Each structure stands twice: as C-alpha cells, then as structure tokens.
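# Structure at a glance
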Amino acid sequence: MKISDAYVIVTSPGRNFVTLKIVTESGTYGIGDATLNGREMAVVAYLEEHVIPALIGRDASRIEDIWHYLYRGAYWRRGPVTMAAVSAVDLALWDIKAKAACMPLYQLLGGRSRERVMTYAHCTGRDIEGCLAEVEKHVKLGYRAVRVQAGVPGIPTIYGVAKNAGERYEPADAELPAEHVWSTEKYLNHVPKLFAAVRERFGDELHVLHDVHHRLTPIEAARLGKAVEPYHLFWLEDCVPAENQESFRLIRQHTTTPLAVGEVFNSIHDYRELLENQWIDYIRTPLSHGGGITHVRRIADLAGLYHVRTGFHGPTDLSPVCLGAAIHFDTWVPNFGIQEHMPHTSETDAVFPHDYRFEDGHFLVGEAPGHGVDIDEALAKQYPYKRASLPVNRLEDGTLWHW
Ligand SMILES: O=C(O)C(=O)C[C@H](O)[C@H](O)CO
Ligand SMILES: [Mg+2]
C-alpha cells in the first residue's frame, strides 16, 4: 500500500474546489476535499510544497501515524490552512482503506447506527413572506428541518440571504470582499417576528434553525436566545465569535435555546471548555476542516460524553467529497444530530460523481467501497480557478464587525 503519487486538482464548476488525490502502487486511489473558501490557494501551496513530497513512499494504510506526522511533526499545529491540508490527506487515506477492504466507509467505521440521515435545507427571503414561501417549497420537497434567514428592514444586504427570490446565496460572491452593513438592534428586533410567523404558518413539528453567523455579543445572544424560546428552535448557530469559549457561560445562563458552534473550529481544543461545561448542544466542524475522520471522531466521542450531538457544516463551499464522507460518518456516529445540506450545482455534481442520494428530507448513504465520491479530472480541467472572496461586515458607522 505504498503511496506512489499524490496531486492537487483545483476546479471551479460554478465555485472553487480543491481536491487531493492520493494514488498507491496497486493503483487504488483515494480523494480528499481540501477546499477552504476564499483561501483555496493557500491550502494548495501547503499541500504541494510541504505535504505531498513527504507522503510519497509512505504506507497508505498507516492513517493514524500519517495524521500525527502531519500534525505533531509540522511543529506549527492547528489553524485552518494546516488542518484543511491534513483533513484532505486523512479523507483520501480512509477512502483508500475502505476501497482496499471492499467496504463502504461507514462499515469500516463501525457499521450503521441509523437507516437515514436527517438533513436541513436553507430557506431565505428578502422579507418574512418571501422566506415563508421558501419554507413551504422545502417542506413540499420533504425536508423536516429548515434553516430560516430573512432580510431585515433597514439593512440593505445580509450575508446568508439570497439576492433574489427562489435563488440560493453564494458564500464567496465577489473577486474581492463585498462590504455589508450591519445593525444589531434592527436584527434583534426583527428575528422573533420571523419565527413567530414560521410557527404560525407551519405549526410546531417542523424543526427550525437559525444562523447568527457570529454577529452578536454574548449578552445580545442571550437576549435573542430568550426571545425565540417560545418558537423552540432546533438550534441557534454561531451566536457569538467563539474564540472566547467563556462567552457561552453567560449565554447558557440566560436561555434554553439549543446552541450549535464550530464551523470555523479545526481542533478538539477549540471545543474543550464548551463541552466540559455543557455550554453547547451541537458540534459543527466539517471533516474537511477538522483533521478528517481521524480527528473529528475524537471530537464527536468527547461531545457524546456531554449529550452533545453532531450537526456538520454542509454549505456549497465544501465539495461533494466532504459531503459524501460526512454522510458515511453520520450513518455511523452514535451521537448524530443533523446534517446541513446546501445543494451543489449540476456542474459541480457532474465533476464529482457520487452515490449518496437525497430522499424525503434525508440522505441515504451509498454502498460503493470507499466514501463513494469520485472526481472526473477531464471535466474538472474545463473549469479553471477564479479568485473569489467572502464579504466583510461593517456597522452603520463604518466599524469593521464580525460576520
Ligand atoms: O452554512 C453555514 O452555516 C454557513 O455559515 C456558511 C459559511 O458562511 C460558509 O461556509 C463560509 O465559507
Ligand atoms: Mg453557519
């Protein structure tokens, strides 16, 4: 199982994706997602200059040892660029191991814990009515859970809300960062009205989620959590920037609204105080940013001790490789909660053939050996990289703000 070749494929079928392919002497290969939205080429350089040369000739079956070689061995631990690169290697190696064992990945992880994987869709609207129309559309498509985000009167553009009705939003929507304007007061006054309308129209059973996208302070997040308690959200996501884990003590003291965190985390250490103090309810780190299966399953196990469940990040800026691997993980992990789903474009799906499927609000895992996602390299070449950036956020007085 010696690694004989490894290379990076950058493609942009509608948006940028970075994929690592690792090939063994026997010809068995695996692929991993190395996409870090808006910072793609930094991961490409890390892989090409520092990782790939050190992988050639290693035994692909030694996943654990290679993980520690790349993590401890680098001396410069953690961080999104390093961990995206380590994750891509890890996902490709698990793909190879499962293919070599002729097993779908979930079998290698320990087998099925559930028949299907509940997923949530994004519903956005310029106003409350537009948003309700999107919820209705997604309920008809079979979703049992929806993430609800609406425009706020007085705020011209909000990240996470599609520009036009019926469209989806694109996270990196300009060559250089677009500038958004933010008003916490306008937002806090509006959100409870949105959830009151959703519950009135759709009743109590639909799971509803909301992403604050790090834009509040702890006491503001506490106010929001309390204000939406009557509408019993499935979760309130990223309500504050989470570098200071202690912030969650304050939020938790004030509200019973469940809290989800971690789409920008990349290590178990980012979660330690949050989990040990039982300040959160869902972990969000995707396999492609949290050190792959080898590390994220350690985070999930630690979370399980505290009744915390998984709710992996699944936007369009993680490739189908990450989503496919996540569906295997979700099928196995004992403390599964939910899986995010922002459908990829048909161009992206064609570049990444896969065997997972969506049915009746759930993902169904495939039975092909490995994680079940491949890359059509000839097609990928037809979509060259284009620089694309996430936006920035400023308060109405011009102060640069979290987003
Ligand atoms: O999907 C979510 O919950 C997001 O917050 C999407 C992120 O903003 C996006 O992945 C950033 O690249
Ligand atoms: Mg989010």
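Only a predicted model underlies this, so the values are computations on that prediction, with no experimental measurement involved.

Moving on to the coordination of the magnesium ion (ligand 2). Taken together, the protein ligands of the magnesium ion (ligand 2) are Asp211 (OD), Glu237 (OE) and Glu263 (OE), with distances of 1.9 to 2.2 Å. Positions of the donor residues of the magnesium ion (ligand 2), expressed as sequence spacing, correspond to D-x25-E-x25-E. Of the two residues, Asp211 sits in strand E7 (residues 207–211) while Glu263 sits in the loop between strand E9 (259–261) and helix H9 (272–276), which places them 52 residues apart along the sequence. A relative accessible area of 10% places Glu263 in the buried class.

Taken as a whole and assessed by the stated rule, the structure comprises zero disulfides. Considering cysteine sulfurs only, Cys123 is the nearest to Cys131, which forms no disulfide, with 6.5 Å between them. Given a relative accessible area of 0%, Cys131 falls into the buried group.

This part takes up the UniProt feature "domain: Mandelate racemase/muconate lactonizing enzyme C-terminal" (unreviewed entry) in the protein. Under the local residue numbering, the UniProt record ascribes the feature "domain: Mandelate racemase/muconate lactonizing enzyme C-terminal" (unreviewed entry) to residues 128–258. As annotated, residues 128–258 has a helix share of 38% and a strand share of 14%, and its two end C-alpha atoms lie 23 Å apart.

With respect to topology, three strands assemble into an open sheet ordered E1-E2-E3, the strand pairing being antiparallel. On the outer flanks of this sheet lie strand E1 (3–11) and strand E3 (29–33), each paired with one strand and no other. With strand direction ignored, the average angle separating the axes of adjacent strands in the sheet is 20 degrees. Summarising the sheet, E1 and strand E2 (residues 17–24) pair through eight bridges and their orientation is antiparallel. Considered in E2, the bridge of Thr11 is made with Phe17. Lying on the sheet, helix H1 (residues 40–55) is in contact with E1 and E2; it crosses E1 at an angle near 175 degrees.

Once that is clear, we can look at helix H3 (residues 80–100). Residue pairs three or four apart in sequence face the same way in an α-helix, which turns once every 3.6 residues. Given a rise of 1.5 Å per residue, 21 residues ought to cover 30 Å, and the 30 Å separating the end C-alpha atoms of H3 matches this to within 8%. Backbone geometry just downstream of H3 places Cys102 in the positive-phi region, at approximately 55 degrees.

In space, the three strands of this open sheet follow the order E6-E15-E16, with mixed pairing throughout. Looking at the sheet topology across the chains shown, the edges are occupied by strand E6 (179–182) and strand E16 (400–401). Both strand E15 (residues 392–395) and E16 contribute to a ladder of two bridges, which runs antiparallel. Note on E16: the bridge partner recorded for Asn393 is Trp401.

Volume-wise, the largest pocket comes out at about 1200 Å³. Of the residues contributing to the lining of the largest pocket, the split by class is 21 nonpolar, 13 polar and eleven charged. Of the pockets and cavities examined, the second largest pocket occupies roughly 170 Å³. Every residue along the wall of the second largest pocket is listed here: Pro13, Gly14, Arg15, Arg168, Tyr169, Glu170, Thr316, Met342, Pro343, His344, Thr345 and Thr348.

On to the pattern of salt bridges, then. One side chain can pair with another of opposite charge once the charged atoms of both are near each other. The tally for this structure, following the rule as stated, stands at 24 salt bridges. The partner of Arg298 in a salt bridge is Glu64, with the nearest N and O atoms 3.1 Å apart. Placement of the pair is Arg298 in helix H10 (residues 292–305) and Glu64 in helix H2 (residues 63–71), with a sequence separation of 234 residues. On the basis of relative accessibility, which here comes to 36%, the residue Arg298 falls in the partly exposed class. The closest approach of N and O atoms between Asp173 and Lys163, which form a salt bridge, is 3.2 Å. Taken together, the residues span a long stretch of sequence, with Asp173 in the loop between strand E5 (145–150) and E6 and Lys163 in the loop between E5 and E6 at a distance of ten residues. Look at Asp173 and you get partly exposed, because its relative accessible area is 32%. Each of the salt bridges in this network shares a partner with another, and the network as a whole consists of Glu237, Glu263, Arg284 and Glu340.

What counts, and where the lines are drawn
- Residues numbered from 1 in each chain as written.
- Chains lettered and ligands numbered in written order.
- Predicted model: local features only at pLDDT ≥ 70, side-chain atom pairs only at ≥ 80, totals over all residues.
- Heavy atoms only, no water.
- Donors = N, O, S within 2.8 Å, 3.2 Å for Na, K, Ca; no water.
- Helix = DSSP H or I, 4+ residues; strand = E, 2+ residues; numbered from the N terminus.
- Buried < 20%, exposed > 50% of the residue type's maximum accessible area, 1.4 Å probe, protein only.
- Disulfide = S-S within 2.5 Å.
- UniProt positions renumbered as here; feature names shortened; annotations may be inferred.
- Pairing = 2+ DSSP bridges.
- Axes fitted to C-alpha atoms, helices over the stretch in contact; angles between N-to-C directions.
- Contact = heavy atoms within 4.5 Å.
- Expected span 1.5 Å × (residues − 1).
- 1 Å grid on protein atoms, 1.4 Å probe; cavity = no way out; pocket = protein on both sides within 12 Å on 5 of 7 lines; lining within 4 Å.
- Points joined across faces, edges and corners; volume = space filled by probe spheres on them.
- Nonpolar A, V, L, I, M, F, W, Y, C, P; charged D, E, K, R; others polar.
- Salt bridge = Lys/Arg side-chain N within 4 Å of Asp/Glu carboxyl O.

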